[in-house]
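Structure assessment
Next come the chains, spelled out residue by residue.
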Amino acid sequence: MSTRRRREYLQLLDAAKAAAESAIDAFNRVWHPYRYEATLILLTNAWELLAKAVLVQQRESIVKGQRGDTITAETAVHRLQLRKLLDETQVATIQQVVSLRHAATHHLLPEVPPEVMQHLLYFASKFFRYVVGKVFPAHLRTMNEDYLSLSFSDLTTYADKVQKSVSRVKKSAGHKRLVWLLERGIQFDGSQYITEAQFEQKYKGKKRVLPHLALSRFIRGAEMVRIVPIQAPRNFTADISLRKGSAADASLPVLVKRTEIESDYPYLTRELGQKLGKNQNWVARAATVLGLKGVPTFHQAVRASTTSTIQRYSEAALQKLQQKLATSPDFDPYHAPPVPQARPA
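All values reported here derive from a predicted model rather than from experimental measurement.

**Overview of a nonpolar patch on the surface**
Where nonpolar side chains cluster on the molecular surface, the patch consists of Leu148, Leu150 and Phe152 and spans about 450 Å² of accessible area. Looking at the secondary structure, you find phenylalanine 152 in the loop between helix H5 (114–135) and helix H6 (158–167).

The structure is reproduced here in structure tokens:
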């Protein structure tokens, strides 16, 4: 008895998922002299097949011309945008991958900063899983792997590196080609790319290049990613803080602050109570009511076991409580409303 053949869109989906994982594998291999090119080729293949799986499942033809050829990757992805399955920023990210893939396949890939590759791989993979979940939710259960990428360099972000490349467009052929490839991906209109000559015309005679490119809008609207492996020694915690960049710098730096628990948070709850002439319960309630708990300036919870934590407080927390008692000697935390905590900027 012949076995029933799997539907075409499911075959396309299976191949797309295999290509996506192969792209991640290619990027993370220890020795791979063709790493970026292989990653871009496989990642583009994954997106082309996924887009075609969606279109076939929704009964839209993927054939072009009279020879039976199918539509290109960039056209297939563009059709997902027309179907509202991807927004403008998501499509711009994927189209940059496709544009770089074409350069790698048909000629030579210019030097691409690792921050740009990490950004494109991370978000293109994230959006890939998003579309699978939206159209083929039952297939998400086979896409729950965790991957680890190591980096020993002091990397920044896609936005930072792209801005630096844009600033060198008029002096460096390599930077100019990279920026053009990214720009033409973002500018793809569903049928054709802008030429290098059209790209040059955008900033010809202009003092600054970036404001005249679609890349400028993309950097302002897209989230950034930075891979930051942190090794936390014993009795240390690792805190990652994001701060908003300035108007002149669209990158989002990641600040890593190293904390020595016993020095920065010298007081246990009971010790804080002894300093204040209060019992342990009073201190715990007051810290909650005054919004000290969970704020790194005042408090740190240290894991003691699988089920318990130790609460430690800073000198700033002691001063805050002393000031409260000085201004309100009858302060009763058990009958006081909690102080609203301001959200960090």
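That was the structure; now back to the text.
**Describing the environment of glycine 221**
Locating glycine 221 in the fold gives a position in helix H9 (residues 214–221). Taking the C-alpha atoms as reference points, glycine 221 and glutamate 88, separated by 133 residues in sequence, lie 9.6 Å from one another.

**So, helix H4 (residues 88–106)**
Under the 1.5 Å per step criterion, the end-to-end length of H4 is 27 Å for 19 residues, consistent within 8% with the ideal 27 Å. Within H4, 14 of the 19 residues are buried, which leaves the element mostly enclosed by the surrounding structure. With a side-chain oxygen positioned 3.1 Å from the backbone nitrogen of threonine 89, the residue opening H4 is aspartate 87.

**Quick notes on the sheet that holds strand S5 (residues 267–268)**
As summarised here, the arrangement of the 3 strands in space is S5-S7-S6, forming an open sheet in which the pairing is antiparallel. Strands with a single pairing partner mark the edges of an open sheet, and in this sheet they are S5 and strand S6 (299–303). The pairing of S5 with strand S7 (residues 309–313) spans 2 bridges and is classified as antiparallel. Bridged to tyrosine 267 within S7 is tyrosine 313.

**As for the pairing of S6**
Bridge analysis of S6 against S7 gives 5 bridges, and the strand direction is antiparallel. Considered in S7, the bridge of alanine 301 is made with glutamine 311. From the end of S6 to the start of S7, which pair antiparallel, there are 5 residues.

**Describing the packing of aromatic side chains**
All told, the structure shown has 9 aromatic pairs when counted by the stated rule. Measuring from ring centre to ring centre gives 6.0 Å for tyrosine 9 and phenylalanine 136, while their planes differ by 15°; the resulting arrangement is stacked. On the criterion of sequence distance, the pair formed by tyrosine 9 in helix H1 (residues 8–28) and phenylalanine 136 in the loop between H5 and H6 is long-range, its members being 127 residues apart. There is no split in this pair, since tyrosine 9 and phenylalanine 136 are both buried. Judged by centre distance (6.0 Å) and plane angle (10°), the ring pair of phenylalanine 27 and tyrosine 36 falls under stacked. Each member of the pair phenylalanine 27 and tyrosine 36 is classed as buried.

**Thoughts on unusual backbone geometry**
Phi is positive for arginine 59, which is not a glycine, with a value near 60°. Inspection of the secondary structure puts arginine 59 in the loop between helix H2 (35–57) and strand S1 (63–64). Relative accessible area serves as the criterion here: at 80%, arginine 59 is assigned to the exposed category. Phi is positive for lysine 84, close to 65°, though the residue is something other than glycine.

**Some points on the environment of valine 54**
Tracing the backbone shows valine 54 in helix H2. Residues valine 54 and valine 135 lie 81 residues apart in sequence; the distance between their C-alpha atoms is 7.2 Å. Once residues within four sequence positions are removed from consideration, valine 54 is found in contact with Leu80, Leu85, Val131, Val135 and Phe136.

Conventions and cut-offs
Residues numbered from 1 in each chain as written. Predicted model: local features only at pLDDT ≥ 70, side-chain atom pairs only at ≥ 80, totals over all residues. Heavy atoms only, no water. Patch = residues over 30% accessible without salt bridge, like charges linked within 9 Å, V, L, I, M, F, W, Y side chains within 5 Å. Areas by Shrake-Rupley, 256 points an atom, 1.4 Å probe, with all protein chains shown as cover. Salt bridge = Lys/Arg side-chain N within 4 Å of Asp/Glu carboxyl O. Helix = DSSP H or I, 4+ residues; strand = E, 2+ residues; numbered from the N terminus. Expected span 1.5 Å × (residues − 1). Buried < 20%, exposed > 50% of the residue type's maximum accessible area, 1.4 Å probe, protein only. Polar contact = N/O pair within 3.5 Å; in protein donor to acceptor, adjacent residues only side chain to side chain. Pairing = 2+ DSSP bridges. Phe/Tyr/Trp six-rings, centres within 6.5 Å; stacked < 30°, edge-to-face > 60°. Contact = heavy atoms within 4.5 Å.

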